[in-house]
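Residue strings, one per chain:
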Amino acid sequence: MATATDTASTTATHHADESVGMSYLDRLPRRLVVIYLPLAVFVFVLLFPFYWMTVTALKPNVELTNFTDYSPFWPQNPTLRHIQYLLFETSYPGWLWNTMLVAIGSTILSLVASVFAAYAIERVRFQGSRWVGLGIFLAYLVPPSILFIPLAVMVFRLGIYDTRLALIFTYPTFLIPFCTWLLMGYFRSIPYELEECALVDGASRWQILTRILLPLSVPGLISAGIFAFTLSWNEFIYALTFIQSSENKTVPVGVLTELVRGDVYEWGALMAGALLGSLPVVLLYSFFVDYYVSSMTGAVKE
Amino acid sequence: MADAVLARPAAPAAPSWGERLAQSRGLVAVLFMLPAAIFLFVFLTYPLGLGVWLGFTDTRIGRSGVFVGLENYESLWNDSIFWLSVFNTVLYTTVASILKFGLGLWLALILNERLPFKAFIRAIVLLPWVVPTVLSAIAFWWIYDAQFSVISWSLMKLGLISSPINFLGDPNNARATVILTNVWRGIPFVAITLLAGLQTISPSLHEAATLDGATPWQRFRSITLPMLSPLIAVVMTFSVLFTFTDFQLIYVLTRGGPLNATHLMATLSFQRAIPGGQLGEGAAIAVAMIPFLLSAILFSYFGLQRRRWQQGGTD
């Protein structure tokens, strides 16, 4: 207990926002123990699974289960065999394509609907707009795990069971509330005076939205867009429930249900599948880290 | 919609009927709200109601059911597996949320320090949250393998244990394992959002307190925590909600086993409804989650209100 408390309190000492704060009062050995050591442990634990995923994907099958002759931490004879198997002997490329289509489709659909809704709530200020805003927030809190059964029934009745359309139509249930909430916050940060000028000059609401507000909101739109894309790329329970045939599956569902056959686990191929399936979102994330972080913290802070 | 809004007057002096309509707030608002509203009513509100209705019927896959009243709930009431899943869910949520909060806050405080490569560290720390849960869970599945686990191997090399740990085969081990995996995935979210809050606390408050002779622990208790508490309420509400309704991790790692020791309400609901075909019963389990979720939301909502008022903030 003593160590945990001590560390927490010491690290709370200085808030190096822009200024130096009081950190110059700390000596290096102390910083080493209370800051760098815990940080190293955190980073190691948080990143090790990804390292392990990569290493396993590159190991030949012999090295996977033989820890006595080969070091488990490094592939002695790295091979692309698993990735080759994945890309040319399974339906994996098709799953990637499906996931991409579904994620892009549902993101565009949600963004369009959310821009209009956020504009109406935040700027048209109709009667009861505050309650609609609250309703949007509550809609975001409805988890997919309590919606998937009735949605499965609906998807079946609508005749879109086992199609990509089923996912494109159901993902906006959590994307629209999220994007609307995020864009409401963004629109609020844009000075209203700009729109008043345009209103005085005789612009219509539509013109204000498309010519003034949207060009100014590009960063907000990017944030909402990449976040929505990531959320739909990662979605699992709807894709697992609504999709039956192998050629319509998304990456998470396909890897889990098709690459595991009976008792034979193709660990190399499984890891390669996990690695390749994570790559698109990780790349997107690495290009837009700041947008990503701002949308995550923004959605919470409002 | 576009036509009505884009309609322009022929002469500025006499606004046409169409233009006055286009300028009326109510109609404009309705038109703008329409796409989102239709979507959410059809695919969110209606299914929510349908789910409650299904819970009162004996619907199965391929056969529409009839109203059976509380029969599903009565059978769940006497179903020990259901109660086990409730216990598991509460345990999973409580332990995981506390750990996520503690470790996340700790990581946030560390990241708030002056560090070399801070932006880079912050970016890679968030990775567990960005990567699809199912795919990272598959990596954990291999890390927790009964025979070839790298953790067991390392501990055996260090001489700490003599035989491999049975991570997912033993009920209590499995519970601990899935909870820790959930914590692994949740720490970055808590840490990064709390870090954003920490950065808004002015260093001068800490300097003033230090001059007055406050110890580091006192400053943490009386400055950092109160300034952060509104954000903590929101972050933890989200965290509790998503932990309580978790499905993916369990489905990948254990599918509820061994001996239903890790079945959460969400996974039990899926198992009964989709592979089991009992849509009515599955829906009833899902509906049984709603009271817990509502109480979590209300708890944090009222906690939040009080804090804002304490700080003299608006709303």
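Residues numbered from 1 in each chain as written. Chains lettered and ligands numbered in written order. Predicted model: local features only at pLDDT ≥ 70, side-chain atom pairs only at ≥ 80, totals over all residues.

1. Re the overall build of chain A
What counts, and what does not: The helix count covers DSSP runs of H or I at least four residues long, the strand count covers runs of E at least two residues long, and both are numbered beginning at the N terminus. With C-beta atoms placed from the backbone, a residue counts as buried when 20 or more other C-beta atoms lie within 10 Å of its own, as exposed when 12 or fewer do, and as partly exposed for counts between those limits. Any residue pair is listed as a contact if its two C-beta atoms, each placed from the backbone, are within 7 Å.
Along chain A, the regular secondary structure elements total 16 helices and 2 strands. Here chain A, with 302 residues, has 46% of them falling under the buried criterion. Across chain A, every contact between residues at least 6 apart in sequence was considered, and the portion connecting residues at least 24 apart equals 77%.

2. Quick look at the overall build of chain B
Within chain B one finds 15 helices and 0 strands. In chain B, which comprises 315 residues, the proportion classed as buried is 43%. Counting only contacts in chain B whose residues sit at least 6 apart along the sequence, the fraction spanning at least 24 positions is 66%.

3. Considerations on the packing of helix 2 (residues 28-58) of chain A against helix 15 (residues 267-287) of chain A
Axes are the key here: two packed helices are described by the angle between their axes and the distance separating the axes. Residue and element names in this part refer to chain A. Cut-off, in case you're wondering: Helix axes are fitted to C-alpha atoms over the stretch in contact, other axes to C-alpha atoms as well, and angles between N-to-C directions run from 0 to 180 degrees. Should an angle fall under 35 degrees it is taken as roughly parallel, and over 145 as roughly antiparallel, whereas 65 to 115 is taken as roughly perpendicular and any remaining angle as oblique. Take the far helix as the reference: if the near one is turned anticlockwise from it by less than a right angle, the crossing is left-handed, and if turned clockwise, right-handed. Amino acid classes used here: Ala, Val, Leu, Ile, Met, Phe, Trp, Tyr, Cys and Pro are nonpolar; Asp, Glu, Lys and Arg are charged; the rest, including Gly, are polar.
Contact geometry of helix 2 with helix 15 gives a least axis separation of 8 Å together with a crossing angle of 130 degrees. One finds that helix 2 runs oblique with respect to helix 15. For the element pair helix 2 and helix 15, the recorded crossing hand is left-handed. Contact with helix 2, carried on its side by Met53, Thr54, Thr56 and Ala57, involves Trp267, Gly268, Met271, Ala272, Ala274 and Leu275 of helix 15 and no other residues of that element. Of the residues in the contact of helix 2 with helix 15, the class split is 7 nonpolar, 3 polar and no charged.

4. Quick word on helix 12 (residues 218-234) of chain A
The cut-off we apply is this: Expected span of a helix, by definition, is 1.5 Å for each gap between consecutive residues, and there is one gap fewer than residues.
Along its 17 residues, helix 12 of chain A runs 24 Å from first to last C-alpha, staying within 8% of the 24 Å computed at 1.5 Å per residue. Three or more residues of helix 12 of chain A are buried, namely A:Gly220, A:Ser223, A:Ala224, A:Gly225, A:Phe227, A:Ala228, A:Phe229, A:Thr230, A:Ser232, A:Trp233 and A:Asn234.

5. Focus on the confidence of the model for chain B
Residues and elements named next belong to chain B. For clarity, the threshold we go by: Per residue, pLDDT captures the predictor's confidence, and it can take any value from 0 to 100.
Residue-level pLDDT values for chain B average 85, and 88% of them are 70 or greater. For chain B, the element scoring lowest by mean pLDDT is helix 1 (residues 2-6), at 46; helix 5 (residues 80-111) scores highest, at 94. The low-confidence segment residues 1-12, where pLDDT is below 50, has 17 contacts with residues more than four positions distant or belonging to other chains. Quick note on the complex model: pTM equals 0.86, ipTM equals 0.84.

6. A closer look at the domain arrangement of chain A
Residue and element names in this part refer to chain A. Rules: All the domain ranges listed were derived from an automatic or database domain assignment.
In terms of domains, chain A is made up of domain 1 (28-79) and domain 2 (91-301). Placing the centre of domain 1 and that of domain 2 at their C-alpha centroids yields a distance of 33 Å. Across the boundary between the two partners, domain 1 contributes 7 residues, which contact 6 residues of domain 2. Listing elements by their share of the side of domain 1 that touches domain 2, those giving two or more residues are helix 2 and helix 3 (61-65). By residue number, the principal contributor to the side of domain 1 that touches domain 2 is helix 2, which donates 4 residues. Partitioned by chemical class, the residues of the side of domain 1 that touches domain 2 number 3 nonpolar, 3 polar and 1 charged.

7. Section: the interface of chain B and chain A
The interface is formed by 87 residues belonging to chain B together with 85 residues belonging to chain A. Element by element, the count of residues in the side of chain B that touches chain A is highest for helix 3 (residues 25-54) of chain B, at 17 residues. Of the residues in the side of chain B that touches chain A, the class split is 68 nonpolar, 14 polar and 5 charged.

8. Looking at the packing of helix 5 (residues 92-124) of chain A against helix 9 (residues 172-188) of chain A
All names here are of chain A. Two numbers describe how helix 5 lies on helix 9: the axes approach to 7 Å, and their chain directions differ by 45 degrees. Relative to helix 9, the element helix 5 lies oblique. At the point where helix 5 passes helix 9, the crossing takes the right-handed sense. For the contact of helix 5 with helix 9, the residue count by class is 15 nonpolar, 5 polar and 3 charged.

9. Describing unusual backbone geometry
The phi angle of most residues is negative, glycine excepted, and most peptide bonds adopt the trans form. At A:Asp162, a position not held by glycine, the phi torsion is positive, near 65 degrees. You can see A:Asp162 is positioned in the loop between helix 7 (144-158) and helix 8 (164-170). In the Ramachandran plot, B:Asn260 falls in the positive-phi region, its phi being about 60 degrees despite a non-glycine side chain. Take B:Asn260: it is sitting in the loop between helix 13 (248-253) and helix 14 (265-273).

10. Comments concerning the confidence of the model for chain A
For chain A, the average pLDDT comes to 84, and 89% of its residues sit at 70 or higher. Across residues 1-19 of chain A, confidence stays below pLDDT 50; counting only partners more than four residues off in sequence or on other chains, it has 44 contacts.

11. A few points about the environment of B:Val86
By the element assignment, B:Val86 lies in helix 5. For the pair B:Val86 and B:Asn182, spaced 96 residues apart in sequence, the C-alpha to C-alpha distance is 17 Å.

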